Amino acid sequence: MKKIFESDKYTLRMTEGTDTKSVPVYTSLLTDGGFNNITLPDDVFKEYDGLGMGTHTVRTYFASFEFENSASAEIKLPSGVKNIEIKPENAVKADFSDDIVRFCVSESVNFVINPDGDIFGGLRVFCNKRKPIPTGFEHEIIFRRGLHTADNCDYIRTDEHGTPVIDAVPDNTLIYIADGAVVNAAIVLRGVHNVHICGAGTLSLIDRCHGADRDFDYPDGQMWGAFRYWAVPNVYVRSGSSHITVEDIVLNCEFRGVVLRNCDHISLRNLKMFTSTENADGINCYNTSDLLVDGCWIESADDCFCMYNSCDSIPTLFDDGYEDVKPVCRAVEVKNCVMSSNARPIVLGGHATGSTDPRCVIEDIHIHDCRVIETPYRAFCDNPTEYSMYWSGFMRLLSQSEQIVRNICFENMVIEVTRGSNSKPVHIEVRGSQNASYTENAGYRIENIMFKNIEIKGSTERLIPSVIRCRAAADENDKCGISGVTFDNFTVDGRRIDRSMVVTEGNCEDIRIE
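All values derive from a computational prediction rather than experimental measurement.

Draft legend 1. Just the overall build of the chain, in detail. From N to C terminus, the chain includes two helices and 43 strands. A compact globule built from 514 residues should have a C-alpha radius of gyration of about 24 Å, and the chain, at 22 Å, falls within 12% of that. In terms of overall dimensions, the chain has C-alpha extents of about 70 × 50 × 50 Å along its principal axes. Split into buried and exposed, the 514 residues of the chain put 62% on the buried side. Within the chain, contacts between residues separated by at least 24 positions form 74% of all contacts whose residues are at least 6 apart in sequence. Roughly 19400 Å² of accessible area belongs to the chain as shown, and the carbon and sulfur atoms make up 45% of that amount. A gap of 3 Å separates the mean positions of the 51 positive and 76 negative side-chain charges of the chain.

Shown next, in the form of structure tokens:
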């Protein structure tokens, strides 16, 4: 089977000085904006046996190139395109005529060109200003231009479940994936320190996705976003790893993008990632502290960024065998990111151990200056209100299993609602035993939450009111509740929200709308 999937739907030529070169355009996958949790056909589940349910997927496209000081580029679109939309709209100044888009860049920038309103089949363009290769590491793993697989590269092995992995990484290691390199493997870091993963190349597992056998050329509704039981995220950092940096590379994913487990001092910068299967979060972490996520491009079938204190429903990602567990997520900053989610862009809390000594804690998190460019959450199907009430929320905070979530600030956020999207701006909930999701129990507290300078715009007609709800009963814990939630300059379609746009229920105190 092919390991690399180029497309001729678009062509891109980049000029730097007097040198002009063609830049390859690659295929990726996105969820189609319809239903999730669809029962898989038996022949699909036989191989993709992780859950028994999935999504439908569609093709999307990306091109990534590196330049020294400045560059100009021309993109040839399919013939007959009448209009284009660039998102974020201020990312680049471009000219469009006769099916050609022209632009110049002098700094790193990421954007998408949507032709004639096609939010899935547009071209994602990742422009990377060249950086020097980091030095001073004891070990180096260098991937130059070209395709690297378990068949031609000694750094990559096939694990016992058939997944190509790079997992023999010692402390103090540089992993460099050069511009034009495609590495067919996941990187797994277990209990290591001072590892730097970087470069303008691609870490790709898309050849393991359903549809790869036909170059993803399936009729609509016949390509499945489903994952194997032993599926591995493209980057998996676990078991006490610390001082890890991952930057600039593209993650073309089989399942999740980045998974962090029981680790600290992590930096994720300018990553670009695509996920398309059921439960495929972009960045999924638990018990992670001192985390920076800066300037990432995250297009996700599930949550773009989520943070917990115990594993979710994927048993193979429990970080088994690690004993020095500290059930805390603390000191986290997420900024300057561009997101598109087929579920919720941001989820904090919800999975915890149930322990009260020590209690699971998520605290001191600042998410700011991010842009959500699409929210195709069940946008193209009938979405019952009760489903939206329970599962949705662009900014979602949950407490379950005795968890406390506190000191969270969302600031300077712009969320563009996709036509047909049925969701809500904010969902804050302490759940009780009777309505806790998965195998969780009653939550504990959510405190000191700030939403400041939040703009929600676009197709907002199907949005339902935000929810602040404590479902935990007094007989479960009389201290359960929500307190100190502030909405400061929070607008929907240019109108500041008022009490009619926020539903409160149960033990909720000090809710302020300013």
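Draft legend 2. Geometry of the nonpolar core. With 88 residues, the main nonpolar core has L268, F305, F410 and F451 as its most contacted residues. No other element matches strand β36 (residues 404-417), which puts seven residues into this core. Listed in part, the 25 residues of the second largest apolar core include I75, V101, I113 and C127.

Draft legend 3. Expanded view of empty space enclosed by the protein. Counting across every chain of the model gives two cavities of 30 Å³ or more. Its boundaries defined by the atoms lining it, the largest cavity holds a volume of some 90 Å³. Those elements giving two or more residues to the lining of the largest cavity turn out to be β3 (26-31), β28 (297-300) and β31 (338-341). As a volume, the second largest cavity reaches approximately 70 Å³. For the second largest cavity, the full set of lining residues is K3, I4, F5, Y26, T27, F62, V182, T202, S204, I206 and N252.

Draft legend 4. Inspection of the sheet that holds strand β2 (residues 19-23) at higher detail. Taken in spatial order, the five strands make up an open sheet running β2-β1-β6-β9-β8, and their pairing is antiparallel. Looking at which strands have only one partner, the edges of the open sheet turn out to be β2 and β8 (94-97). Neighbour to neighbour, the strand axes of the sheet diverge by 20° on average, direction disregarded. Where β8 meets strand β9 (residues 100-105), four bridges bridge the pair, whose relative direction is antiparallel. Note that in β9 the partner of A94 across the bridge is F103.

Draft legend 5. Looking closely at the packing of aromatic side chains. The full count for this structure, using the stated rule, is 17 aromatic pairs. Seen from their ring centres, F143 and Y155 are 6.0 Å apart, and the 75° between their planes marks the pair as edge-to-face. Of this pair, F143 sits in strand β12 (residues 139-143) while Y155 is found in the loop between β13 (146-148) and β14 (157-158), placing the two residues 12 residues apart along the sequence. Using a relative accessible area of 42% as the deciding quantity, one classes Y155 as partly exposed. Measuring from centroid to centroid gives 6.1 Å for F451 and F490, while their planes differ by 75°, and the two rings are edge-to-face.

Draft legend 6. Here's a closer look at the environment of F137. Looking at the secondary structure, you find F137 in the loop between β11 (123-129) and β12. With 58 residues separating them in the primary sequence, F137 and V195 have C-alpha atoms 8.6 Å apart. With residues up to four places along the chain from it excluded, the contact list for F137 reads N172, T173, L174, N194 and H196.

Draft legend 7. Structural detail: the state of the cysteines. If you walk through the whole model with that rule in mind, you get zero disulfides. In this model C209 remains outside any disulfide bridge; the closest cysteine sulfur is found in C253, 8.4 Å from its own. The structure places no disulfide on C470, whose sulfur is separated from the nearest cysteine sulfur, that of C480, by 5.9 Å. Residue classification places C470 among the buried positions, given a relative accessible area of 6%.

Draft legend 8. View of the pattern of salt bridges. Under the counting rule described, the total for this entry stands at 34 salt bridges. In this structure, K87 engages E416 in a salt bridge whose closest nitrogen and oxygen atoms are separated by 3.6 Å. Pair noted here: K87 is in strand β7 (residues 84-87) and E416 is in strand β36, with a separation of 329 residues, a long-range link. The exposure class assigned to E416 is buried, which follows from its relative accessible area of 11%. For D324, the salt bridge goes to K326, with nearest N and O atoms at 3.0 Å. Relative accessible area serves as the criterion here: at 45%, D324 is assigned to the partly exposed category.

Draft legend 9. Looking closely at the environment of A212. Mapped onto the elements, A212 comes out in the loop between β20 (202-204) and β21 (224-225). Assessed through its relative accessible area of 3%, A212 is described here as buried. Along the sequence, A212 and I408 sit 196 residues apart, while their C-alpha atoms lie 41 Å from each other.

Draft legend 10. Examining the pairing of strand β23 (residues 242-247) more closely. Counting buried positions along β23 yields five of six residues, so the element is predominantly enclosed. With four bridges joining them, strand β19 (residues 193-198) and β23 adopt parallel strand pairing. Its bridge partner being in β23, V195 is matched across the sheet by I244. In this sheet, strand β25 (residues 258-269) lies alongside β23 in parallel orientation, the contact comprising five bridges. Of the residues in β25, the one forming a bridge with S242 is D264.

Draft legend 11. Region of interest: the side chain of S7. Residue position: S7 is located in the segment before β1 (11-16). In terms of polar contacts, S7 uses its side chain to reach the backbone amide nitrogen of K9, at 3.0 Å. Residues within four places of S7 in sequence aside, it is in contact with V25, T27 and Y61.

Draft legend 12. Expanded view of the side chain of S28. If you trace the backbone, S28 turns up in strand β3. Side-chain polar atoms of S28 contact the side chain of N252, separated by 2.6 Å. Ignoring sequence-local partners within four residues, the contact set of S28 consists of V58, R59, T60, F62, I206, N252 and F274.

Calculation criteria
Residues numbered from 1 in each chain as written. Predicted model: local features only at pLDDT ≥ 70, side-chain atom pairs only at ≥ 80, totals over all residues. Heavy atoms only, no water. Helix = DSSP H or I, 4+ residues; strand = E, 2+ residues; numbered from the N terminus. Rg over C-alpha atoms; globule rule 2.2 N^0.38 Å. Buried < 20%, exposed > 50% of the residue type's maximum accessible area, 1.4 Å probe, protein only. Contact = heavy atoms within 4.5 Å. Areas by Shrake-Rupley, 256 points an atom, 1.4 Å probe, with all protein chains shown as cover. Lys, Arg positive; Asp, Glu negative; His and termini not counted. Charge placed at Lys NZ, Arg CZ, Asp CG, Glu CD. Core = buried A, V, L, I, M, F, W, Y, C linked by side-chain atoms within 4.5 Å. 1 Å grid on protein atoms, 1.4 Å probe; cavity = no way out; pocket = protein on both sides within 12 Å on 5 of 7 lines; lining within 4 Å. Points joined across faces, edges and corners; volume = space filled by probe spheres on them. Pairing = 2+ DSSP bridges. Axes fitted to C-alpha atoms, helices over the stretch in contact; angles between N-to-C directions. Phe/Tyr/Trp six-rings, centres within 6.5 Å; stacked < 30°, edge-to-face > 60°. Disulfide = S-S within 2.5 Å. Salt bridge = Lys/Arg side-chain N within 4 Å of Asp/Glu carboxyl O. Polar contact = N/O pair within 3.5 Å; in protein donor to acceptor, adjacent residues only side chain to side chain.

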